[in-house]
Amino acid sequence: MTSRATRPVGTVTRGTTNPNRLRRMDRWIAAVHGAELRRAGVPVAVDLGYGAAPWTAVELLTRLRSVAPHARVVGVEIEPARVAAAKPYEREGLVFRHGGFEVPLPGRPHLIRAANVLRQYDEDEVGGVWERLCARLAPATQTSRGGLLVEGTCDEVGRRHVWVALGPEGPRTVTFATRLGSLERPSDLAERLPKALIHRNVPGEPVHAFLRDFDRAWAAAAPYAAYGARQRWIRAVRDLAADWPVTGGPGRWRQGEVTVSWEALAPRG
């Protein structure tokens, strides 16, 4: 019988998943964290709470190896039956383990991806989970910022996604990503805000002000729609960057992304 001390930390999620659901998050990770992964030599990434099917872990390995050829992925699930179902998909560089927020690996991973995992938790539980997961990341050194935790939420087919990126020191950025053809206005992404922010989309909170200003910039960029939704988005983000600490540049914006400093959107208090 499993002792209380060795039981995984967390609760079982709904487990719903679809192939290619996390492609936007994966591509962003490869773009912004690829150099850190290469410096690690044989980086280890964790797909935490991959769900009832192992598709997202399989895809993560493929996408990470496009920028870090020796990357390894460990799929971690709190439901033993899901781990057993995933075992036939193991191969060189990909394994599946039973566990939760304790992240049952012998070393410290260079990446933890937790997508659609905290949606069912209470807002006041998020900080503790972040702290626990960040403590498991590879530490910063003189030549590295350390590991990366990416935690967020997306819709069922991955058209709309918002995530927070955290390092060993805590939250760094918030990224909004979308299939532009599915978007009427940027604030449509509010329904996919991660648990730390979704209840803060109210007047007086920074994330609400950000989405309000983004909608205004989007409306002002309407003439650029004649050149396509991508050009309209780029123009809106460029205008938004005049008042908000937007990171990256047109190369990422044209992917239907915008990344903002966490400090600018962090909940008041």
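The structure presented is a predicted model; accordingly, all values stated were derived computationally and were not measured.

1. Some points on the overall build of the chain
No. 1: Secondary structure summary: the chain contains nine helices and nine strands in total.
No. 2: The C-alpha radius of gyration of the chain comes to 18 Å, within 12% of the 18 Å expected for a compact globule of 269 residues.
No. 3: Taken over 269 residues, the chain has a buried fraction of 53%.
No. 4: Summarising the internal contacts of the chain: among those between residues at least 6 apart in sequence, 67% fall at separations of at least 24.
No. 5: As displayed, the chain has an accessible area near 12,100 Å², and 51% of this comes from carbon and sulfur atoms.
No. 6: Charge-centre separation for the chain: the mean point of 39 positive side chains lies 5 Å from the mean point of 28 negative side chains.

2. Structural notes on empty space enclosed by the protein
No. 1: According to the stated counting rule, one finds one cavity of 30 Å³ or more in the structure shown.
No. 2: Taken as a whole, the largest cavity encloses approximately 110 Å³ of empty space.
No. 3: In terms of lining residues, the largest cavity is bounded by 15 residues, among which Thr-11, Thr-13, Gly-49, Ile-78 and Val-117 are the most central.
No. 4: A per-class count over the lining of the largest cavity returns seven nonpolar, six polar and two charged.

3. Regarding the pairing of strand 2 (residues 72-77)
No. 1: Counting buried positions over the six residues of strand 2 gives five, a clear majority of the element.
No. 2: Relative to strand 2, strand 1 (residues 44-48) runs parallel, the two sharing five bridges. Of the residues in strand 2, the one forming a bridge with Val-46 is Val-74.
No. 3: Where the polypeptide runs from strand 1 across helix 2 (residues 55-65) and back to strand 2, its parallel neighbour, the crossover connection is right-handed.
No. 4: Examined bridge by bridge, strand 2 and strand 3 (residues 94-98) share five bridges and lie parallel to one another.

4. Quick word on the layout of surface pockets
No. 1: Roughly 280 Å³ of internal volume is contained in the second largest pocket.
No. 2: In terms of lining residues, the second largest pocket is bounded by 16 residues, among which Trp-28, Val-32, Arg-145, Ala-165 and Thr-173 are the most central.
No. 3: Among the elements of the structure, helix 1 (23-39), strand 7 (170-178), helix 8 (250-253) and strand 9 (257-261) are those that each provide at least two residues to the lining of the second largest pocket.
No. 4: It is helix 1 that provides the largest number of residues to the lining of the second largest pocket, a total of four residues.
No. 5: Considered class by class, the residues forming the lining of the second largest pocket number six nonpolar, five polar and five charged.

5. So, the pairing of strand 7
No. 1: With respect to burial, strand 7 is a largely interior element, eight of its nine residues being buried.
No. 2: Between strand 6 (residues 160-167) and the antiparallel strand that follows it, strand 7, lie two residues.
No. 3: One ladder, built from five bridges, connects strand 7 with strand 9; its direction is antiparallel. Each bridged residue has a counterpart across the sheet, and for Thr-173 the counterpart in strand 9 is Ser-261.

6. Quick notes on the sheet that holds strand 5 (residues 148-154)
No. 1: One open sheet accounts for nine strands, arranged 3-2-1-4-5-6-7-9-8; its pairing is mixed. Unpaired on one side and paired on the other, strand 3 and strand 8 (246-247) mark the two borders of the sheet.

7. What to know about the packing of aromatic side chains
No. 1: Here the structure, examined in full by the defined rule, presents 10 aromatic pairs.
No. 2: Considering the side-chain rings of Trp-130 and Trp-262, the 5.5 Å spacing of their centres and the 75 degrees angle between planes classify their relative orientation as edge-to-face. In this pair, Trp-130 sits in helix 4 (residues 123-136) while Trp-262 sits in helix 9 (residues 262-265), placing the two residues 132 residues apart along the sequence. Each member of the pair, Trp-130 as well as Trp-262, carries the same accessibility label: buried.
No. 3: Among the aromatic residues, those joined into a cluster by ring pairs are Phe-176, Phe-210, Phe-214, Trp-218, Trp-233 and Trp-244.

8. Brief notes about the pattern of salt bridges
Oppositely charged side chains may form a pair once their charged atoms are brought near each other.
No. 1: If you walk through the whole model with that rule in mind, you get 22 salt bridges.
No. 2: A salt bridge links Arg-97 to Glu-90, with the shortest nitrogen-to-oxygen separation between them at 3.9 Å.
No. 3: The class of Arg-97 is partly exposed, set by a relative accessible area of 34%.
No. 4: Residue Arg-252 is joined to Glu-257 by a salt bridge in which the shortest nitrogen-to-oxygen separation is 2.8 Å.
No. 5: Arg-252 sits in the partly exposed class, given a relative accessible area of 23%.
No. 6: In the salt-bridge network here, residues are joined through shared partners; they are Asp-26, Asp-47, Glu-59, Arg-63 and Arg-113.

9. Concerning the confidence of the model for the chain
No. 1: Mean pLDDT over the chain stands at 94; residues scoring 70 or higher make up 97%.
No. 2: A low-confidence stretch, residues 1-5 stays under pLDDT 50, and its non-local contacts, those more than four residues away or across chains, total two contacts.

Cut-offs applied
- Residues numbered from 1 in each chain as written.
- Predicted model: local features only at pLDDT ≥ 70, side-chain atom pairs only at ≥ 80, totals over all residues.
- Heavy atoms only, no water.
- Helix = DSSP H or I, 4+ residues; strand = E, 2+ residues; numbered from the N terminus.
- Rg over C-alpha atoms; globule rule 2.2 N^0.38 Å.
- Buried < 20%, exposed > 50% of the residue type's maximum accessible area, 1.4 Å probe, protein only.
- Contact = heavy atoms within 4.5 Å.
- Areas by Shrake-Rupley, 256 points an atom, 1.4 Å probe, with all protein chains shown as cover.
- Lys, Arg positive; Asp, Glu negative; His and termini not counted.
- Charge placed at Lys NZ, Arg CZ, Asp CG, Glu CD.
- 1 Å grid on protein atoms, 1.4 Å probe; cavity = no way out; pocket = protein on both sides within 12 Å on 5 of 7 lines; lining within 4 Å.
- Points joined across faces, edges and corners; volume = space filled by probe spheres on them.
- Nonpolar A, V, L, I, M, F, W, Y, C, P; charged D, E, K, R; others polar.
- Pairing = 2+ DSSP bridges.
- Right-handed = clockwise from strand over helix to strand, strands pointing away.
- Phe/Tyr/Trp six-rings, centres within 6.5 Å; stacked < 30°, edge-to-face > 60°.
- Salt bridge = Lys/Arg side-chain N within 4 Å of Asp/Glu carboxyl O.
- pLDDT = per-residue confidence, 0-100.

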